Amino acid sequence: MKVFLETYGCQMNVADSELVASILTNTNFKIAENIDEADIIIFNTCSVRQHAEDRVIGRINNEMARKVKNKNLKIGVIGCMAQRLEEKLQEQNSSIDFIVGTDQYKKLPEIIFNLFENPEFCSETIVNNNEIYKDIYPIHKGRFNAFVTIMRGCNNFCSYCIVPYVRGRERSRPVDDVLNDVQKVGEMGFKDVTLLGQNVNSYNYQDVNFAELLRQTNKIKSIKRIRFITSHPKDLSDEVIKVMAESEKVCEHLHLAMQSGDNEILQRMNRGYTAEHFYNIVQKLRKAMPEIAITTDVIAGFPGETEEQFQHTFDLMKKIEFDYAFTFKYSPREGTKAAEFSNQILEETRLERLKQLINLQQDITTKKYKEQIGKTKEIYVEKVSKKSDDELSGKSRDFKITVFKGDKSLIGKFINVRITDAIGWTLKGEIENGK
Ligand code: SAH
Ligand code: SF4
Ligand code: F3S
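This text gives an overview of the structure that appears in the document. (Residues numbered from 1 in each chain as written. Chains lettered and ligands numbered in written order. Predicted model: local features only at pLDDT ≥ 70, side-chain atom pairs only at ≥ 80, totals over all residues. Heavy atoms only, no water.)

So, the site of ligand 2
Around ligand 2, the neighbouring residues are Cys154, Asn156, Phe157, Cys158, Tyr160, Cys161, Val163, Pro164, Gln198, His232 and Arg271. In terms of residue class, the shell around ligand 2 is built from 7 nonpolar, 3 polar and 1 charged. (Near = heavy atom within 4 Å. Nonpolar A, V, L, I, M, F, W, Y, C, P; charged D, E, K, R; others polar.)

Digging into the environment of isoleucine 42
Examined against the element boundaries, isoleucine 42 turns out to sit in strand 3 (residues 40-45). For isoleucine 42, a relative accessible area of 0% corresponds to the buried category. Sequence separation between isoleucine 42 and arginine 268 is 226 residues, and the spatial gap between their C-alpha atoms is 37 Å. Residues contacting isoleucine 42, with those up to four places away along its chain left out, are Val3, Phe4, Leu5, Glu6, Leu24, Gly76, Ile78, Phe98, Leu108 and Ile112. (Helix = DSSP H or I, 4+ residues; strand = E, 2+ residues; numbered from the N terminus. Buried < 20%, exposed > 50% of the residue type's maximum accessible area, 1.4 Å probe, protein only. Contact = heavy atoms within 4.5 Å.)

Some remarks on the nonpolar core
Core analysis: the largest hydrophobic core is formed by 66 residues, its most contacted members being Leu195, Phe210, Leu213, Leu214, Met244 and Leu285. Phe4, Cys46, Ala52 and Ile99 belong to the second largest nonpolar core, which has 21 residues in total. (Core = buried A, V, L, I, M, F, W, Y, C linked by side-chain atoms within 4.5 Å.)

Focus on the packing of aromatic side chains
Using the criterion set out here, one finds 14 aromatic pairs in the structure. Seen in terms of ring centroids, tyrosine 105 and tyrosine 133 are 5.9 Å apart; in terms of plane orientation they differ by 15°. Their pairing is stacked. In this pair, tyrosine 105 sits in the loop between strand 5 (98-100) and helix 6 (108-117) while tyrosine 133 sits in the loop between strand 6 (122-124) and strand 7 (145-149), placing the two residues 28 residues apart along the sequence. For tyrosine 105, a relative accessible area of 0% corresponds to the buried category. Ring geometry for phenylalanine 210 and phenylalanine 228: centres 4.9 Å apart, planes at 70°, overall edge-to-face. One end of the pair, phenylalanine 210, is in helix 9 (residues 210-218); the other, phenylalanine 228, is in strand 13 (residues 225-229), with 18 residues separating them in the sequence. (Phe/Tyr/Trp six-rings, centres within 6.5 Å; stacked < 30°, edge-to-face > 60°.)

Section: the sheet that holds strand 10 (residues 192-196)
Strand order in the open sheet formed by 3 strands is 7-10-13, with parallel pairing between adjacent strands. In the strand order of this sheet, the two ends are held by strand 7 and strand 13, each with one partner. In this sheet, neighbouring strand axes are inclined to one another by 25° on average, regardless of whether the strands run parallel or antiparallel. Where strand 7 and strand 10 come together, 5 bridges link them in parallel fashion. Residue valine 148 lies in a different strand from strand 10, and its bridge partner there is leucine 195. Lying over the sheet, helix 9 contacts strand 10 and strand 13, oriented at roughly 155° with respect to strand 13. (Pairing = 2+ DSSP bridges. Axes fitted to C-alpha atoms, helices over the stretch in contact; angles between N-to-C directions.)

Considerations on the pairing of strand 1 (residues 2-7)
When strand 1 meets strand 2 (residues 30-31), the two strands line up parallel, connected through 2 bridges. Along strand 2, the bridge assignment pairs valine 3 with isoleucine 31. Taking the sense of rotation as the criterion, the β-α-β connection linking strand 1, helix 1 (residues 11-25) and strand 2 turns out right-handed. Note: strand 1 against strand 3, 5 bridges, orientation parallel. In the strand pairing of strand 3, phenylalanine 4 is matched with isoleucine 41. (Right-handed = clockwise from strand over helix to strand, strands pointing away.)

Considering the packing of helix 13 (residues 307-320) against helix 15 (residues 347-370)
Two elements in contact, helix 13 and helix 15, have axes separated by 10 Å at closest approach and are oriented at 15°. Between helix 13 and helix 15, the crossing angle belongs to the class labelled roughly parallel. Note on packing geometry: the crossing formed by helix 13 with helix 15 is right-handed. Only Arg353, Gln356, Leu357, Leu360, Gln361 and Ile364 of helix 15 make contact with helix 13, whose side of the interface consists of Glu307, Phe310, Phe314, Met317 and Lys318. Its residues assigned to classes, the contact of helix 13 with helix 15 comprises 6 nonpolar, 2 polar and 3 charged. (Parallel < 35°, antiparallel > 145°, perpendicular 65-115°, else oblique. Left-handed = near helix turned anticlockwise from the far one by under 90°.)

The following block contains the structure:
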């Protein structure tokens, strides 16, 4: 039987789908490359904002039409939305056959087999705060970049965020398991590895902290580049910055969510740092690694955000000049503290503020990319460019897509490219010395 997996949300979900693919293929299921050939469709879902949920609901409803033609087709929902809404999801759409939460993926084969025997709706959403899916080796998609999960869950309870409720408590995977997985993906040809967790800086396994884990990962010979997401400004230590700067494989690239530039809002978000602290870390990072690209997340229109407080966010973004920013308008999530705050901001104001942040960041990103012209960058060549057959495309250590003329035989290699232009958010270049 063939399963088609459709994934929404963050990299944790992408990694979880790779885990689910492994669990299923270990028990005689096959992964369908195309939805048309599927006997079972699984949606791995995200709850972070209402928009994310609405999109998936739309997709599920659309695909239900397939059941008319294929009476045996089963459709399941897993991931954060399954965890958040549980049976309520099925009440909204009675054609859903099964719902499985983020800690219960090991049960998937049994649940699906049973469904074909006895086609009754099934739901498994018990939270198990210890589940780390030990000894299950994910089936990595792609060829060059692999995610390796180092921890699951989150304990931070930022007041706007649903993640701690749908992903349970923070737990770190054993150091040796992480290192073995990294070694293995490297041997399989993935030379660029991203260590994954909701707050990787609080990784802790038997006294090995994140800085030490990075140090040890850097020694693994089979890989060439290391990245990690996500970092939390309150936990990103000087030691981690030092290890980043000292470790040749750790890339000059960091995603560090700012969320707001106003201290009162940051406090009400329960973020545990001030705007000054955040700015300080950025300064330290840039001092330690002058070439570092820093990206961020920012929320516009958090409950109670005044025009002046919003301006603080705008000003800090302007002052810092991130390479890129993911900007969101605040979306109330039922069950979180911020959703209960009485001073919710009008939707149109949220949108208006969001637009201002997007416009600001567009100019900054353009400027940042133009600044790359004239530099020589090491590019990990991934593919033939979409736009032209004689051009290749790859990524720099600071995660910028770079396109240049070159032969297909260079795919999978690391080469030096001199940047000659920046068009939108793509760098253009020439292979240095014709090599
Ligand atoms: N663990 C990561 C973030 C995961 S969620 C971190 O702390 O950096 C990704 C981003 O979604 C967050 O950084 C935040 O900017 C945004 N987000 C989370 N909940 C939101 C909400 N209710 N409304 C709008 N944006 C939200
Ligand atoms: Fe959500 Fe905060 Fe945890 Fe990130 S650190 S997942 S924003 S609660
Ligand atoms: Fe979404 Fe779940 Fe990630 S809510 S952002 S998929 S942890």
